[in-house]
Amino acid sequence: MHSSRGIPRTLPWKGRRVNLFSTISDAILKAYPELEAADLIFGAPPNLEMGDVAIPMFLPARKLRTAPPKLAAEAAERVSFGPEVSKSGAAGPYLNLSLDRSATGARIVNAVLEQGNGFGSNGSGTGRRILVEHTSINPNASPHVGRGRCAMIGDSMTRLFRFEGYDVEVHYYVNDMGRQIGLLVLIADEITDLDFNGILDAYVRANALAESDPEFAARGYELLVKMEEGDPDAQQRFKAVTDLCLKGQLEVLSRVGATYDYFDRESKYVNDPRMDQVQQRLRDRGVLFTDEKNRLVADLAPLGYAQEEGRFFVLMRANGSSMYGYRDIAYSLDKIERGTDVNLMILGEDHKLYAQQVGLILEAAGYPAPEVIYYSYILLKDGKMSTRQGKVVLLADFLDQAAALAVERVAEQCPELSPEEQGAIAETVAVSAIRFAVLRVKPGKNVTFDMEAALSFTGDTGPYVQYCCARINSILRKSVGALPVAPGAAFASAHDSEWALLMKIASFPAVVAESVQQRTCAPVANFSLDLAHLFTAFYHDCPVLKAQNAAQTESRLLICRAALQTLRNALDLLGISAPERM
RNA sequence: GCGCCCAUAGCUCAGCUGGAUAGAGCGCUUGCCUCCGGAGCAAGAGGCCACAGGUUCGAAUCCUGUUGGGCGCGCCA
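Residues numbered from 1 in each chain as written. Chains lettered and ligands numbered in written order. Predicted model: local features only at pLDDT ≥ 70, side-chain atom pairs only at ≥ 80, totals over all residues. Heavy atoms only, no water.

Enquirer: What should I look at first to understand the packing of aromatic side chains in this one?
Expert: By convention here, two paired aromatic rings are described through the distance between centres and the angle between planes. Following the criterion strictly, the structure yields 18 aromatic pairs and no others. Between Phe-119 and Phe-508 the ring centres are 6.0 Å apart and the planes differ by 40°, which places this aromatic pair in the tilted class. With Phe-119 in the loop between α4 (101-115) and β4 (129-133) and Phe-508 in helix α18 (residues 508-518), the pair connects residues that are 389 residues apart, well separated along the chain. Residue Phe-119 is classed as buried on the basis of its relative accessible area of 5%. Residue classification places Phe-508 among the buried residues on the basis of a relative accessible area of 0%. Where Tyr-260 meets Phe-263, the ring centres are 5.8 Å apart and the plane angle is 55°; that geometry is what we call tilted. What makes Tyr-260 buried here is its relative accessible area of 11%. Owing to a relative accessible area of 37%, Phe-263 belongs among the partly exposed residues under this scheme. Within the aromatic cluster, the residues linked to one another by ring pairs are Tyr-173, Tyr-269, Phe-313, Tyr-324, Tyr-331 and Tyr-354. (Phe/Tyr/Trp six-rings, centres within 6.5 Å; stacked < 30°, edge-to-face > 60°. Helix = DSSP H or I, 4+ residues; strand = E, 2+ residues; numbered from the N terminus. Buried < 20%, exposed > 50% of the residue type's maximum accessible area, 1.4 Å probe, protein only.)

Encoded structure:
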């Protein structure tokens, strides 16, 4: 009896023809010319004894006007499979095949080691360019894990696209203006030695003051107007505060590995001349009008927007100052003009309606709407995060706590390493804990963040997968002589645990393809977990250095190398390092 | 009220382009360090896949409705 630890349910050839197994498909089509490749759906039988590949005969049977069980039995006899298939048989309406483990295993190991850091890539992005905008936090506080979700998703998608061969550029939109930043600037003037850590307090104070003191609020607006009009002093003050904040935020974000190629400041788009043309086109389409209060408004109804709520989108205030959306449209033009094949942004689910509105306006003006990945909020056990109530988990705090716990563990396990090395490993463990916890969940789900669970490092966690890598490295380090480079004639992978592991490894390219298509790295995270589990089962069942003979040791060392390479590639997409020791 | 998203074990989540008996982890129970790293492994208990209809040879998966949760509907950004 075996459970999911056996043959992976997600097969490399599921739903599509992959070169490794295309010969099976060809053999069947040769025997049944009436069928086509699309009729053959490859899956996995419920257990190993039944075979490695299962093909349901429902569709083919319908096409051939026969009963599925009858066709399965007939096909098992009639089709002449190549040497790759060691056994064929029918189980009810399913045609089950067993593969030659050693020959197939050798092919898998060969492919992994040959392709190295590129194993898993389908090259689907070759020659294509993509622009990703993510994170883009308001410069007012240290990022909490909810904000971090955006950065980690965006960063992992970037890694995924680059892995697939896309030329990717990463943009960060700096919201360096607006009423609230104006208030923050005012308060900042009253505080000496304002640093990043004091920003949040100042921000909360400024907003509270604005509510209780209308005069203060009015001064904030005045300052904003001066800034928009180009007053150098006002601009300089805005820049000083937002720079301070951005720098602090980026320091935290860089700890989790997020990097950006361009920082685009919102203030740059206040008076963008290209918007004249946009306005003209909107007028031509009959969607732009000045309302009774002298505001410049877009009516989305003629553009196919069906609801009354959100139908009208204000672009400019009566006093002629621009709204956020107006500047954002100008920014979109900037991004569009960079001429990438895909224009992608990662946004919180609170931006859904807004992004839809902006998209409609852009399309009406003759531009393509950006593609958007929405992520849902991270909730805490006792409810939503609230900055004002102090109910937040700051990314920096989490990393500090996690690293402190991890360093104790590393000191125990690797006393031979220097304190600096131990500290560096602990930091990667902390990063892996948070990145993995966030990335293994699909972006659209509300998740409840459990601080205790995230700090435990046991079970289905990033550190568990890292630990698996450290273990493999340990075996490779201890093996005597040169490591084998490629499977030879004596290569064997007959043991169930070896075979299951190799089958999982072979499915990696399909997991990557699925992740690109679904626009989420969650399948990669779950794949790495499955792979680590399967490796550990192999580790317990199949001694490598103490195998029965040298040939077996060599085969297993090769399997170790292939597993490590695949794990490293998967973890790299998640922004997690695979340590030598931990 | 209207719109979008979500609902799977006590808890946190996989599985969703329809296929055989729905899976992990945490927590709980029981074993396993003279043996390549126990951040581990093996086993057990735990499910009306929110509810109700529909499509199909076949539905956790697709469609409709209901319920519950998240988000949004600003001269905020």
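Let us keep going from here.
Enquirer: What exactly am I supposed to notice about helix α5 (residues 145-163) here?
Expert: Counting along an α-helix, one turn takes 3.6 residues, and residues three or four places apart therefore face a common direction. Helix length check: α5 (19 residues) gives 26 Å between terminal C-alpha atoms against 27 Å at 1.5 Å per residue, within 8%. Most of α5 is tucked away, with 16 of its 19 residues classed as buried. Remark: Gly-165 follows α5 within two positions and exhibits a positive phi of approximately 100°. (Expected span 1.5 Å × (residues − 1).)

Enquirer: Looking at this structure, how should I read the environment of Leu-395?
Expert: Within the fold, Leu-395 resides in helix α13 (residues 395-413). Residue class for Leu-395 comes out buried when judged on its relative accessible area of 0%. Between the alpha carbons of Leu-395 and Ser-98 there is a distance of 49 Å; along the sequence they are 297 residues apart. Residues in contact with Leu-395, not counting those within four places in the same chain, are Pro-143, His-144, Val-145, Gly-148, Met-152, Val-252, Leu-253, Val-256 and Ile-434. (Contact = heavy atoms within 4.5 Å.)

Enquirer: Explain the side chain of Asp-52 here, please?
Expert: Here Asp-52 is to be found in the loop between α1 (22-31) and β1 (53-56). Buried charge Asp-52 goes without a salt bridge, the closest partner of opposite sign being Arg-101 at 4.6 Å. One polar contact links Asp-52 to Trp-499, side chain to side chain, over a distance of 2.9 Å. (Lys, Arg positive; Asp, Glu negative; His and termini not counted. Salt bridge = Lys/Arg side-chain N within 4 Å of Asp/Glu carboxyl O. Polar contact = N/O pair within 3.5 Å; in protein donor to acceptor, adjacent residues only side chain to side chain.)

Enquirer: Mind showing me how you'd approach the pattern of salt bridges here?
Expert: Oppositely charged side chains are able to pair whenever their charged atoms sit close together. Under the definition given, this model contains 37 salt bridges. The partner of Lys-63 in a salt bridge is Glu-36, with the nearest N and O atoms 2.8 Å apart. You can see Lys-63 sitting in helix α2 (residues 58-63) and its partner Glu-36 sitting in the loop between α1 and β1, a full 27 residues away along the chain. We classify Glu-36 as partly exposed; its relative accessible area is 45%. Salt-bridge contacts for Arg-162 lead to Asp-261; the nearest nitrogen and oxygen are separated by 3.4 Å. Linking Arg-162 in helix α5 with Asp-261 in the loop between α9 (232-255) and β6 (262-265), this pair joins segments that are 99 residues apart in sequence. Judged by relative accessible area, which is 39%, Arg-162 ranks as partly exposed.

Enquirer: Even after reading the chapter, I still don't get the packing of helix α11 (residues 324-337) against helix α12 (residues 352-364), so can you show me in this structure?
Expert: Axes are the key here: two packed helices are described by the angle between their axes and the distance separating the axes. Running from N to C, α11 and α12 point in directions that differ by 60°, and their axes come no closer than 11 Å. Between α11 and α12, the interaxial angle falls into the category oblique. Of the two elements, α11 crosses α12, and the hand of that crossing is right-handed. Within the contact between the two elements, α11 uses Tyr-324, Gly-325, Asp-328, Ile-329, Ser-332, Leu-333 and Ile-336 and α12 uses Tyr-354, Val-358, Ile-361 and Leu-362. (Axes fitted to C-alpha atoms, helices over the stretch in contact; angles between N-to-C directions. Parallel < 35°, antiparallel > 145°, perpendicular 65-115°, else oblique. Left-handed = near helix turned anticlockwise from the far one by under 90°.)

Enquirer: Please explain the nonpolar core as it appears in this structure.
Expert: In summary, soluble globular proteins display a tendency toward joint burial of nonpolar side chains. Phe-398, Ile-434, Ile-472, Leu-501, Ile-505, Phe-535 and Leu-574 are the most contacted members of the largest nonpolar core, which has 107 residues in total. For this core, the leading source of residues is helix α20 (residues 550-574), giving 12 residues. Ignoring anything within four residues of it in the chain, the contact list for Leu-501 reads Leu-531, Leu-534, Phe-535, Phe-538, Ile-559 and Ala-563. Counting residues in each nonpolar core, the second largest holds 29 residues, with Leu-282, Leu-288, Ile-329 and Ile-361 among its members. (Core = buried A, V, L, I, M, F, W, Y, C linked by side-chain atoms within 4.5 Å.)

Enquirer: Honestly, the sheet that holds β4 in this entry has me stumped. Any pointers?
Expert: The strands making up a sheet associate through backbone hydrogen bonding, with each pair oriented either parallel or antiparallel. Strand order in the open sheet formed by five strands is β6-β5-β4-β10-β11, with parallel pairing between adjacent strands. On the outer flanks of this sheet lie β6 and β11 (371-375), each paired with one strand and no other. The average angle at which neighbouring strand axes cross in this sheet is 25°, direction not considered. Across five bridges, the pairing between strand β10 (residues 342-348) and β11 is parallel. Counted as the bridge partner of Met-345 is Val-372 from β11. Running over the sheet, α5 touches β4, β5 (167-174), β10 and β11 and is turned about 135° from β11. (Pairing = 2+ DSSP bridges.)

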